[in-house]
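Residue strings, one per chain:
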Amino acid sequence: MMKRKSLLFLAILWAGSLAAAYWSGLLTAKDGSAARPWSKQDPAAAARAAAAGGSAAASSDSPAPWSKPRADSRGAKGSADQDAVLARLKASAANPNAIQRSQEFLDALGQLDEQGFQNAAAWMMENREGMDNRWQFSLLMYAWGRKAPEQALAWAMEAKQGRAASSVLSSWAQVSPDKAIAWAQANAPVGEDGTPGDNWHMLGVINGLASTDIGRATKAVEGMNFGEARGRALDMVLDRLWRQDRQAAQKWVASLTDERLRAGAAGKVAGRLVGEDVRLAATWTEGLPDLASKGRAATEVIDRWTRDEPDAAGEWLNRFPKSAEMDAARERFAFGIDERDPMSSVAWAQTITDTGRREETVRRIAHDWLHRDNATAKAYLQQQPNLPERVVRMVR
């Protein structure tokens with residue numbers, strides 16, 4: 001079983017490299033001219049080139065993307081018989097050899113016309129079982145997005161397949177970003193009260209843009225309404241940057257013009273940094289340009305640092321002013337030390353500036369302490385001034 005899973009995993013990696021060569025890596029030749037993914041080149045060679053980080057240049061006389069199909073295995077010229085192509089695509093799903101199955105699928109995919117894509121999508125919708133089908137369906141929609149994006153999107157919307165639409169938009173955004181963005185914005189959901197909702201279509205667009213133009217992807221995220229979709233879009237851009245250049249990703253945060261987005265990005269970067277070096281994350285946090293960003297990042301730093309070095313974490317947190325932006329970090333620290341040092345925990349909770357947040361934090365700490373050590377907790381809390389009324393009643 002383990003060998004089979006490993007083979008499937010390798011096949012997916014291989015197919016991903018091949019797909020990258022066909023649909024992305026080969027779109028631009030080394031001399032900057034448009035490359036042609038469905039060239040005479042051996043597919044395995046293209047996959048090896050993509051896996052090696054390079055690109056395989058297509059021959060100058062190979063057909064332009066989606067202009068006409070390649071000759072079939074018998075050397076016949078002209079348009080491929082779409083029924084035969086679909087039959088080969090179906091047959092590839094039954095091949096027990098994962099490598100061959102992937103290659104056969106991609107070979108058939110390259111010969112589909114617009115109607116062929118629609119027929120193939122309908123068939124795959126009816127046969128969605130299995131690990132292969134998920135990535136194959138996504139790749140099918142991605143390829144259809146290069147051939148006829150508006151047709152593919154119309155099909156996906158009618159079929160209520162949001163992920164399929166995202167694959168199409170990702171593909172379309174890489175070659176026609178303005179059109180892809182315009183479609184996503186025109187089809188944004190609107191609430192019953194007329195206010196715009198989360199535009200999940202933009203995630204597909206931004207996923208495509210992030211692979212070709214980080215600056216454009218960033219602007220697209222900044223143009224989104226605040227919500228869950230915007231946060232997911234921010235993750236997409238950051239993930240791409242983080243894999244490419246972590247130093248650039250850290251600098252990118254400060255370049256964001258939307259203050260709320262910048263604060264969110266600061267928290268996400270700090271969350272990644274603390275897993276490697278919490279003190280490095282703390283130093284980076286101090287250099288952020290505004291208190292809102294520092295507050296979001298500090299919350300991530302404190303959450304991790306308090307587990308191992310609570311004293312050092314508390315000393316560092318004291319460097320920042322008592323402000324609404326730092327309330328979450330102070331709350332996190334108070335909860336982080338409540339069992340080992342409940343007295344200090346209460347004191348830290350009382351430094352939170354927001355009244356509602358402060359009172360609820362003190363109440364929770366007091367409640368837990370009273371359950372663990374009722375006598376000691378009561379003796380201490382009864383002597384503390386300015387306790388929330390609910391806590392005062394608890395210790396009478």
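Thresholds, definitions, all that
- Residues numbered from 1 in each chain as written.
- Predicted model: local features only at pLDDT ≥ 70, side-chain atom pairs only at ≥ 80, totals over all residues.
- Heavy atoms only, no water.
- Helix = DSSP H or I, 4+ residues; strand = E, 2+ residues; numbered from the N terminus.
- Expected span 1.5 Å × (residues − 1).
- Buried < 20%, exposed > 50% of the residue type's maximum accessible area, 1.4 Å probe, protein only.
- Contact = heavy atoms within 4.5 Å.
- Phe/Tyr/Trp six-rings, centres within 6.5 Å; stacked < 30°, edge-to-face > 60°.
- Lys NZ or Arg CZ within 6 Å of the ring centre and 35° of its normal.
- Salt bridge = Lys/Arg side-chain N within 4 Å of Asp/Glu carboxyl O.
- 1 Å grid on protein atoms, 1.4 Å probe; cavity = no way out; pocket = protein on both sides within 12 Å on 5 of 7 lines; lining within 4 Å.
- Points joined across faces, edges and corners; volume = space filled by probe spheres on them.
- pLDDT = per-residue confidence, 0-100.
- Core = buried A, V, L, I, M, F, W, Y, C linked by side-chain atoms within 4.5 Å.

(A) Representation of helix α14 (residues 259-273) in the model. Given a rise of 1.5 Å per residue, 15 residues ought to cover 21 Å, and the 21 Å separating the end C-alpha atoms of α14 matches this to within 8%. Regarding α14, the residues found buried are L261, R262, A263, G264, A265, A266, G267, V269, A270 and L273. Contacts from the buried residues of α14 go to α11 (214-222), α12 (228-244), α13 (246-255), α15 (278-286) and α16 (291-308).

(B) A look at the packing of aromatic side chains. One pass over the full model with this rule turns up 8 aromatic pairs. Geometrically, the ring pair formed by W305 and W316 is tilted, given 5.9 Å between the ring centres and 50 degrees between the ring planes. Of this pair, W305 sits in helix α16 while W316 sits in helix α17 (residues 310-317), and the two are 11 residues apart along the sequence. Ring plane angle 80 degrees and centroid distance 4.9 Å describe the contact between W316 and F320, whose orientation is recorded as edge-to-face. Clustering of aromatic rings is evident, with ring pairs tying together F117, F137, W144 and W155. The ring of F226 has R260 sitting right over it, with the charged end atom 3.3 Å from the ring centre.

(C) Quick look at the pattern of salt bridges. With the rule as written, the count across this model stands at 15 salt bridges. With a closest N to O distance of 2.3 Å, D178 and R216 form a salt bridge. Taken together, the positions of D178 in helix α9 (residues 177-186) and R216 in helix α11 put the pair 38 residues apart, joining distant regions of the chain. Classification of D178 as exposed rests on a relative accessible area of 53%. Judged by relative accessible area, R216 falls into the partly exposed class, the value being 28%. With a shortest N-O distance of 3.3 Å, E360 and R390 are connected by a salt bridge. Highlighted residues: E360 in helix α20 (residues 355-372) and R390 in helix α22 (residues 389-394), separated in sequence by 30 residues. For E360, a relative accessible area of 28% puts it in the partly exposed group. Residue classification places R390 among the partly exposed positions, given a relative accessible area of 36%. In this structure, a network of salt bridges that share partners links the residues D303, R307 and R332.

(D) Spatial organisation of the layout of surface pockets. Counted as a void, the second largest pocket has a volume near 380 Å³. What lines the second largest pocket is a set of 15 residues, among which G162, R163, S166, L203 and G204 lie closest to the centre. Those elements giving two or more residues to the lining of the second largest pocket turn out to be α8 (162-175), α10 (201-210) and α12. Top contributing element to the lining of the second largest pocket by residue count: α8, with 5 residues.

(E) Structural view of the side chain of T306. Mapping T306 onto the fold places it in helix α16. Residue classification places T306 among the buried positions, given a relative accessible area of 3%. Setting aside chain neighbours within four positions, we find T306 in contact with A313, F333, G336, I337 and R340.

(F) Up close: the confidence of the model for the protein. Of the residues in the protein, 79% have a pLDDT of 70 or more, and the chain-wide mean is 82. Averaged pLDDT values over the elements of the protein bottom out at 37 in helix α2 (residues 43-51) and peak at 98 in helix α18 (residues 327-336). Throughout residues 1-80 the model reports pLDDT below 50, and contacts reaching past four residues in sequence, or to other chains, amount to 110 contacts.

(G) Focus on the nonpolar core. Core analysis: the largest hydrophobic core is formed by 99 residues, its most contacted members being L140 and M141. When residues in this core are grouped by element, the largest group, 8 residues, is from helix α6 (residues 131-147). Beyond its immediate sequence surroundings of up to four residues, M141 is in contact with A121, A152, W155, A156, A164, S167 and V168.

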